[in-house]
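Each chain is listed here by its residues.
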Amino acid sequence: MALVPGIQSPTRKVPAHIARPEYVGRPAPTPYTGPEVQSAETIEKMRIASRIAARAMAEAAKLIAPGVTTDELDAVAHEYMCDHDAYPSDLGYRGFPKSICTSVNEVICHGIPDSTVLQDGDIVNIDATAYIHGVHGDLNATYLCGDVDEESRLLVERTRESLNRAIKAVKPGRQVNVIGRVIESYAKRFGYGVVRDFTGHGINTSFHSGLIIPHYDSERATEVIKPGMTFTIEPMLTLGTYDYEIWEDGWTVVTKDRRRTAQFEHTLVVTADGAEVLTLP
């Protein structure tokens with residue numbers, strides 16, 4: 001059965017002492033004009049933000065079970081970030097109304113937590129980003145709810161593997177398109193669609209810096225990977241088409257054929273010989 005929008009709870013409050021990103025209360029963020037290569041100080045701050053985001057996501061994921069609402073997941077992640085003096089980066093970003101994204105079954109990304117009740121056999125993605133000390137850390141993962149069918153379980157497992165393979169492909173001197181090439185070639189083995197219009201991104205003091213990390217082999221992704229660059233890789237694979245539609249809320253992206261989709265994401269920093277994952281709990 002296709003998903004339909006649920007009822008959203010009131011906007012959650014963030015304690016006044018917690019610093020807000022500059023875009024909160026504004027229609028859009030200020031465009032980032034800084035470097036993609038970050039200082040050691042910024043990277044260390046991003047480790048803190050990334051760790052908080054990872055732990056907030058893990059705490060929310062503990063609740064996943066039939067009968068739980070996606071709003072309940074949002075409440076747990078929100079409370080965890082606030083308790084650790086971090087601002088939930090999603091909240092107020094271009095008007096997004098909640099603290100995390102929860103994308104169920106055919107939702108590719110940007111699902112809004114609401115009264116939707118998780119059912120036995122669902123798959124659900126949690127996407128959490130934390131802002132603290134002036135920087136962001138961003139990750140997501142897809143989880144199984146109850147007894148999930150084999151086709152969906154394999155989709156989730158293989159999407160996670162595509163991220164792992166992509167991280168291993170990150171090397172200074174290579175072009176960004178190596179990341180998408182690795183993901184797409186792996187996904188094609190199983191006949192999966194690879195979402196094109198939603199990508200990984202540069203991240204630092206800016207939630208989305210302007211650097212684009214495609215998950216397919218793009219001739220335009222010729223930026224050279226350099227030590228100190230910080231960005232996300234977040235492949236979105238589908239059982240069917242990668243074509244999509246967006247709900248009237250302006251956020252929720254669903255596969256056009258309503259077949260299931262999975263996603264995984266980490267924030268990385270490029271090292272001298274590879275990449276370090278910052279978003280580990």
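Residues numbered from 1 in each chain as written. Predicted model: local features only at pLDDT ≥ 70, side-chain atom pairs only at ≥ 80, totals over all residues. Heavy atoms only, no water.

## A short note on unusual backbone geometry
- Even without being glycine, Asn-105 reaches a positive phi, approximately 55 degrees.
- Position of Asn-105 among the secondary structure elements: in the loop between β2 (101-104) and β3 (107-109).
- With a phi angle near 65 degrees, His-110 is a residue other than glycine that sits in the positive phi range.
- Within the fold, His-110 resides in the loop between β3 and β4 (123-132).
- Its relative accessible area of 25% is what places His-110 among the partly exposed residues. (Helix = DSSP H or I, 4+ residues; strand = E, 2+ residues; numbered from the N terminus. Buried < 20%, exposed > 50% of the residue type's maximum accessible area, 1.4 Å probe, protein only.)

## Brief notes about the pairing of strand β5 (residues 135-144)
- Among the 10 residues in β5, 8 count as buried, and that is most of the element.
- Bridge count for β4 against β5 is 10 bridges, and the pairing is antiparallel. Along β5, the bridge assignment pairs Ile-123 with Leu-144.
- What sits between the antiparallel neighbours β4 and β5 is a turn of 2 residues, in which His-133 has the positive phi angle 55 degrees. (Pairing = 2+ DSSP bridges.)

## Regarding helix α1 (residues 40-61)
- Taking 1.5 Å per residue as the helical rise, α1 with its 22 residues ought to reach 32 Å, and the 31 Å between its terminal C-alpha atoms agrees with that figure.
- Buried within α1 we find Thr-42, Ile-43, Met-46, Ala-49, Ser-50, Ile-52, Ala-53, Ala-54, Ala-56, Met-57, Ala-60 and Ala-61.
- Each element contacted by the buried residues of α1 is listed here: α2 (70-83), β4, β5, β9 (230-233) and β14 (266-270). (Expected span 1.5 Å × (residues − 1). Contact = heavy atoms within 4.5 Å.)

## Describing the nonpolar core
- Core analysis: the biggest nonpolar cluster contains 69 residues, and Ile-179, Phe-231 and Ile-233 have the highest contact counts within it.
- The dominant element in this core, judged by the number of residues it contributes, is α1, at 10 residues.
- If we ignore the near neighbours within four places in the chain, the residues touching Phe-231 are Val-170, Ile-179, His-201, Gly-202, Ile-203, Leu-211, Ile-213, His-266, Thr-267, Leu-268 and Val-270. (Core = buried A, V, L, I, M, F, W, Y, C linked by side-chain atoms within 4.5 Å.)

## Digging into the UniProt feature "binding site: a divalent metal cation 2" (unreviewed entry) in the chain
- The feature "binding site: a divalent metal cation 2" (unreviewed entry), as given by UniProt, occupies Asp-138, His-201, Glu-234 and Glu-265 in the numbering adopted here. These annotated residues cover 128 residues of sequence, but their C-alpha atoms sit close together, with the largest distance between any two at 10.7 Å.
- On the secondary structure map, His-201 appears in strand β7 (residues 200-201).
- With sequence-adjacent residues up to four places away left out, His-201 is seen in contact with Asp-138, Phe-207, His-208, Leu-211, Ile-213, Phe-231, Thr-232, Glu-234 and Glu-265.
- Within the structure, His-201 has its side chain in polar contact with the side chain of Asp-138 (distance 3.1 Å).
- Here Glu-265 lies in the loop between β13 (261-263) and β14.
- Residue classification places Glu-265 among the buried positions, given a relative accessible area of 0%.
- The residues contacting Glu-265, other than those within four sequence positions of it, are Asp-127, Asp-138, Leu-139, Asn-140, Leu-163, His-201, Thr-232, Ile-233 and Glu-234.
- Looking at Glu-265, its side chain comes within polar contact range of the side chain of Asn-140, at 2.9 Å. (UniProt positions renumbered as here; feature names shortened; annotations may be inferred. Polar contact = N/O pair within 3.5 Å; in protein donor to acceptor, adjacent residues only side chain to side chain.)

## Focus on the UniProt feature "binding site: substrate" (unreviewed entry) in the chain
- Per the UniProt annotation, the sites labelled "binding site: substrate" (unreviewed entry) are His-110 and His-208.
- When neighbours within four sequence positions are excluded, His-110 is seen to be in contact with Phe-96, Cys-101, Ser-103, Phe-198, Trp-251, Thr-252 and Val-253.
- Among the structural elements, His-208 can be located in the loop between β7 and β8 (212-213).
- Not counting chain neighbours up to four residues away, the residues in contact with His-208 comprise Tyr-93, His-201 and Gly-202.

## Observations concerning the packing of α1 against α2
- It is the contact of α1 with α2, at a shortest axis distance of 8 Å, that shows an interaxial angle of 145 degrees. Along this stretch, α1 crosses α2, giving a crossing that reads as right-handed. Contacts between α1 and α2 involve Ile-52, Arg-55, Ala-56, Glu-59 and Ala-60 on the former and, on the latter, Leu-73, Val-76, Ala-77, Tyr-80 and Met-81.
- A breakdown of the residues in the contact of α1 with α2 according to their chemical character gives 8 nonpolar, no polar and 2 charged. (Axes fitted to C-alpha atoms, helices over the stretch in contact; angles between N-to-C directions. Left-handed = near helix turned anticlockwise from the far one by under 90°. Nonpolar A, V, L, I, M, F, W, Y, C, P; charged D, E, K, R; others polar.)

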